[in-house]
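Letter by letter, the chains look like this.
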Amino acid sequence: KQEVTQIPAALSVPEGENLVLNCSFTDSAIYNLQWFRQDPGKGLTSLLLIQSSQREQTSGRLNASLDKSSGRSTLYIAASQPGDSATYLCAPSGGSYIPTFGRGTSLIVHP
Amino acid sequence: EAGVVQSPRYKIIEKKQPVAFWCNPISGHNTLYWYRQNLGQGPELLIRYENEEAVDDSQLPKDRFSAERLKGVDSTLKIQPAELGDSAVYLCASSLGGRGPYNEQFFGPGTRLTVL
């Protein structure tokens with residue numbers, strides 16, 4: 001059974017810092033990995049989807065990398081802003097394309 | 001383009017009462033997912049549909065939960081009777097289906113259920 005761990009569980013930083021959020025998973029036989037953000041009381045918003053054949057994906061200030069063989073993905077957030085405050089979830093998907101979610105990293109960016 | 005629509009957004013019921021949640025996926029998305037998210041946890045899959053066929057329902061508590069997607073478009077998830085432990089956020093998601101980038105999932109806002 002796939003297990004997903006996200007570190008750190010919580011992060012509080014001043015505006016402008018570059019951030020690294022880590023995701024590790026136990027079963028490397030994945031087809032893709034998706035990063036989401038979740039605002040309080042809201043659903044999940046897709047940020048990036050990385051296919052298993054890719055090493056990284058970029059969208060604006062976000063960059064996600066994938067090292068499938070070691071079971072790790074990293075989300076980089078450049079020049080953080082207060083609007084980035086949310087919970088960030090990673091979800092690798094295996095052969096049935098069913099994602100397994102971690103508990104997330106709760107991020108607070110203060111002005 | 002409209003996103004995934006869910007209703008109601010909030011529901012408060014007494015235990016042993018029935019409750020139903022509705023989801024309308026993004027137009028053209030063949031795959032529909034229902035998840036349950038407990039406080040402080042990531043979502044957990046309850047059931048996945050490919051068009052109108054339920055292809056993965058191993059995590060659905062079938063003694064009290066049921067779901068349907070009759071025409072392969074919108075879907076309903078029902079709980080009867082509800083228990084205190086069913087209090088959670090119920091999320092619906094959809095994707096185009098298939099391999100590669102078509103598997104990107106898009107989520108609705110969720111229904112927050114409170115069972116008293």
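Now for a quick tour of the structure.

Cut-offs and rules
Residues numbered from 1 in each chain as written. Chains lettered and ligands numbered in written order. Predicted model: local features only at pLDDT ≥ 70, side-chain atom pairs only at ≥ 80, totals over all residues. Heavy atoms only, no water. Helix = DSSP H or I, 4+ residues; strand = E, 2+ residues; numbered from the N terminus. Core = buried A, V, L, I, M, F, W, Y, C linked by side-chain atoms within 4.5 Å. Buried < 20%, exposed > 50% of the residue type's maximum accessible area, 1.4 Å probe, protein only. Pairing = 2+ DSSP bridges. Axes fitted to C-alpha atoms, helices over the stretch in contact; angles between N-to-C directions.

1. Re unusual backbone geometry
All names here are of chain B. Cis rather than trans, the peptide bond between Ser7 and Pro8 has omega equal to -10°. Its location among the elements puts Pro8 in the loop between β1 (5–7) and β2 (10–13). With omega at -5°, the peptide bond leading from Gln80 into Pro81 counts as cis. Relative to the helices and strands, Pro81 is located in the loop between β8 (75–79) and β9 (88–95).

2. Side note on the nonpolar core
By size, the foremost hydrophobic cluster in this structure holds 22 residues, and its most contacted members are Leu33, Trp35, Leu75, Ile77, Tyr88 and Leu107 of chain A. Taken together, the elements giving at least two residues each to this core come down to β3 (19–25), β4 (32–38), β5 (44–51), β7 (62–67), β8 (72–77), β9 (86–93) and β10 (105–110) of chain A. No other element matches the four residues that β3 of chain A contributes to this core. Among the nonpolar cores identified, the runner-up in size contains 21 residues, and Val4, Val19, Leu46 and Leu77 of chain B belong to it.

3. Thoughts on the sheet that holds β1 of chain B
Residues and elements named next belong to chain B. In space, the four strands of this open sheet follow the order β1-β3-β8-β7, with antiparallel pairing throughout. Both edges of this open sheet fall to β1 and β7 (65–68), since each of them pairs with a single strand only. On average, each strand axis in the sheet is tilted by 15° relative to the strand beside it, whichever way the strands run. Bridging between strand β3 (residues 19–24) and β8 involves five bridges; their strand directions are antiparallel. Its bridge partner being in β8, Ala20 is matched across the sheet by Lys78.

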